[in-house]
Amino acid sequence: MKKRNNTTMKSILLTAIMLVSVALPITVFATAQEDYNKAQAELDRIEKELDSIKNSIKKQKEEKKNTQTQIGLVKNQLSSLNQDISVTSEKLKQKQVELEEKKVDIQETDELFKSKLKAMYIRRNGSVMATALAVNTFSEMLTSVNTLQNISKADTALLQKLDEEKKAIEKVEAEIKQELSDLESKKAKQELKQNELANLLKKVNGELSDSAAQEEAAKSAYADAKAARDAAAAELEKEFQQNGGMGEFVGGEFIWPLPNNRRVSSPYGYRTIFGYREFHTGIDIPAPGGTPILASNSGIVTVAKYGSTGYGNRVIVDHGGNKKTLYAHCSSLAVKEGDYVAQGQVIAYVGTTGMSTGNHLHFEIRQNNSTVDPYPYIKNH
């Protein structure tokens, strides 16, 4: 009886050890997946942030270029205005000199005319009799009077002419002053515009400097997140190493997992993002949400997990011969871990869970724990 109890106890302990040994890797893999998902989510967030920063820098550079072009135009306009102002100022000085000379001529002629009038007045009123007695004939007297009148008329006409010339010069002077004033006003406006553009250029340069600093910070954060993602990815690879118990390859060829949706939106292979070479480990096949996903080949489900980041809801099927397939970003799953699935069986439904921007299936084929391009395997099936 005692021997029987010992045997029972050993069986219980052995079973417990086996359960612990099985449960522990699952816990480790789940933790690795969460770490990977978090790191991948951070990478994707920083990638979007870098895209936004680069777009801002592009716009700021265009704005800077436009502002510099405008400043160049304003400088040319100011140069032209300064030249016009210089020419107009010289014209104004010349007219002002002519006007002063004309004013002197008018003043001298006016004084001479006044002195003649005074002399004529004295002669006509003070010694009219003397004038009459001084001439020998009436004709000489008339001639003398006519001469005085002609002198008076000539002087008056000269004064009128000089006055008209003065008014003409004054009019030109006023026009030149107005032209000069208009030019000065334009110059003031252009100088104000130049100052505004200079301030705008200073602002744009400041924004460019800030954006460049943000870009460098984001690149540094991206590098850190990438390192964290890569570390988590190494742990996640263990998830693919889980053996479903399939020894030899089930045989046959792999089929297209979405028969009615055959467009590939993102192929297998490298891509460069912000100086980093990123490797896309599978192909993305767009399809409406809820489209049934078929098992590409028969095998045992080793992973059937729900997740909101990274691959989201996903299924891994072991086909034996170290060949496995991954179906990611599913809206929901139709199988569970340990299930045997036949080729063409519905195992999940298309969705956009995890790090996804739209409904699609991320499909991978792995051979000896290494990714391979799945397209050649399924393109004809």
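Because the structure is predicted, anything quoted here is derived from the model rather than measured.

Asks: I'd like a rundown of the overall build of the protein, residues and numbers included.
Replies: Looking only at helices and strands, the protein has four helices and 11 strands in total. Contacts in the protein between residues far apart in sequence, at least 24 positions, make up 75% of those at least 6 positions apart. With the model as given, the accessible surface of the protein reaches about 22500 Å², and the carbon-plus-sulfur share is 54%.

Asks: Go over the nonpolar core with me, naming the residues and quoting the values.
Replies: Formed by 25 residues in total, the largest nonpolar core has its most connected members in L258, I293, V315, Y327 and I347. Elements represented by at least two residues in this core include exactly β3 (283-286), β5 (299-305), β6 (313-318), β7 (323-333), β9 (346-350) and β10 (360-367). Beyond its immediate chain neighbours, meaning those up to four positions away, L258 contacts I285, A287, T291, P292, I293, V350 and L361. Core analysis: the next-biggest nonpolar cluster, separate from the first, contains nine residues, L43, I57, A218 and Y222 among them.

Asks: So what about the side chain of R314? Which residues, and what values?
Replies: Locating R314 in the fold gives a position in strand β6. You can call R314 buried: its relative accessible area is 2%. A polar contact is formed between the side chain of R314 and the backbone oxygen of G312, at a distance of 3.1 Å.

Asks: How would you summarise the environment of V315 if you had to cite specific residues and measurements?
Replies: When you line up the elements, V315 lands in strand β6. By relative accessible area, V315 is classed as buried at 0%. V315 sits 22 residues away from E337 along the chain, and the two C-alpha atoms are 8.5 Å apart. Not counting residues within four places of it along the chain, the set of residues in contact with V315 comprises V301, V303, T325, L326, Y327, L333, V335, I347 and A348.

Asks: Any chance you could break down a negative patch on the surface for me, citing the residues and the numbers?
Replies: On the surface, E101, D105, E108 and E111 cluster together into a patch of negative charge. Position of E111 relative to the elements: it lies in helix α1 (residues 2-126).

Asks: Explain the pattern of salt bridges to me, and be specific about the residues and the numbers.
Replies: Considering all chains together, one arrives at two salt bridges under this definition. One salt bridge in this structure joins D339 and K336, with 3.2 Å as the shortest N-O distance. A salt bridge links R366 to E364; the nearest nitrogen and oxygen atoms lie 3.0 Å apart. The exposure class of R366 is buried, given its relative accessible area of 5%. Judged by its relative accessible area of 0%, E364 falls in the buried class.

Asks: Now, about the pairing of β10: what can you tell me, with residues and values included?
Replies: For a regular strand, side-chain orientation follows a simple rule: the groups alternate between the two sheet faces. The buried fraction of β10 is high, at seven of eight residues. Alignment of β3 against β10, held across four bridges, turns out to be antiparallel. Looking at β10, one finds that I285 is bridged to L361. Both β7 and β10 contribute to a ladder of six bridges, which runs antiparallel.

Asks: For the packing of aromatic side chains, give the residues involved together with the corresponding values.
Replies: Considering all chains together, one arrives at six aromatic pairs under this definition. Between the aromatic rings of F254 and Y377, the centroid separation amounts to 6.1 Å while the plane-to-plane angle is 85°, which identifies the pairing as edge-to-face. Of the two residues, F254 sits in the loop between α3 (138-240) and β1 (269-273) while Y377 sits in helix α4 (residues 375-378), which places them 123 residues apart along the sequence. Here Y377 falls in the partly exposed class, since its relative accessible area comes to 34%. With centroids separated by 4.9 Å and ring planes inclined at 90°, the aromatic side chains of Y268 and F279 adopt a geometry described as edge-to-face.

Asks: An account of the confidence of the model for the protein is requested, with residue identities and associated values reported.
Replies: Here the protein shows a mean pLDDT of 75. Residues at 70 or above account for 72%. When the criterion is pLDDT under 50, residues 126-133 qualifies, and its contacts beyond four places in sequence or with other chains add up to five contacts. In the predicted structure, residues 137-141 sits below a pLDDT of 50 and forms three contacts with residues beyond four places in sequence or in another chain.

Asks: I'd like a rundown of unusual backbone geometry, residues and numbers included.
Replies: Within the chain, N322 stands out as a residue other than glycine whose phi angle is a positive 60°. If you trace the backbone, N322 turns up in the loop between β6 and β7. You will see that N368, though not glycine, has its phi angle at about 55°, which is positive. Position of N368 relative to the elements: it lies in the loop between β10 and β11 (370-372). For N368, a relative accessible area of 47% gives the class partly exposed.

Asks: Could you give an account of the environment of N260, with specific residues and numbers?
Replies: Along the chain, N260 turns up in the loop between α3 and β1. We classify N260 as exposed; its relative accessible area is 75%. Along the sequence, N260 and A287 sit 27 residues apart, while their C-alpha atoms lie 8.7 Å from each other.

Asks: Can you explain the environment of Y375? Please cite residues and give values.
Replies: Relative to the helices and strands, Y375 is located in helix α4. Distance from Y375 to F363, taken between C-alpha atoms, is 9.5 Å for residues 12 residues apart in sequence. Apart from residues lying up to four places away in sequence, Y375 is in contact with W256 and V264.

Cut-offs and rules
- Residues numbered from 1 in each chain as written.
- Predicted model: local features only at pLDDT ≥ 70, side-chain atom pairs only at ≥ 80, totals over all residues.
- Heavy atoms only, no water.
- Helix = DSSP H or I, 4+ residues; strand = E, 2+ residues; numbered from the N terminus.
- Contact = heavy atoms within 4.5 Å.
- Areas by Shrake-Rupley, 256 points an atom, 1.4 Å probe, with all protein chains shown as cover.
- Core = buried A, V, L, I, M, F, W, Y, C linked by side-chain atoms within 4.5 Å.
- Buried < 20%, exposed > 50% of the residue type's maximum accessible area, 1.4 Å probe, protein only.
- Polar contact = N/O pair within 3.5 Å; in protein donor to acceptor, adjacent residues only side chain to side chain.
- Patch = residues over 30% accessible without salt bridge, like charges linked within 9 Å, V, L, I, M, F, W, Y side chains within 5 Å.
- Salt bridge = Lys/Arg side-chain N within 4 Å of Asp/Glu carboxyl O.
- Lys, Arg positive; Asp, Glu negative; His and termini not counted.
- Charge placed at Lys NZ, Arg CZ, Asp CG, Glu CD.
- Pairing = 2+ DSSP bridges.
- Phe/Tyr/Trp six-rings, centres within 6.5 Å; stacked < 30°, edge-to-face > 60°.
- pLDDT = per-residue confidence, 0-100.

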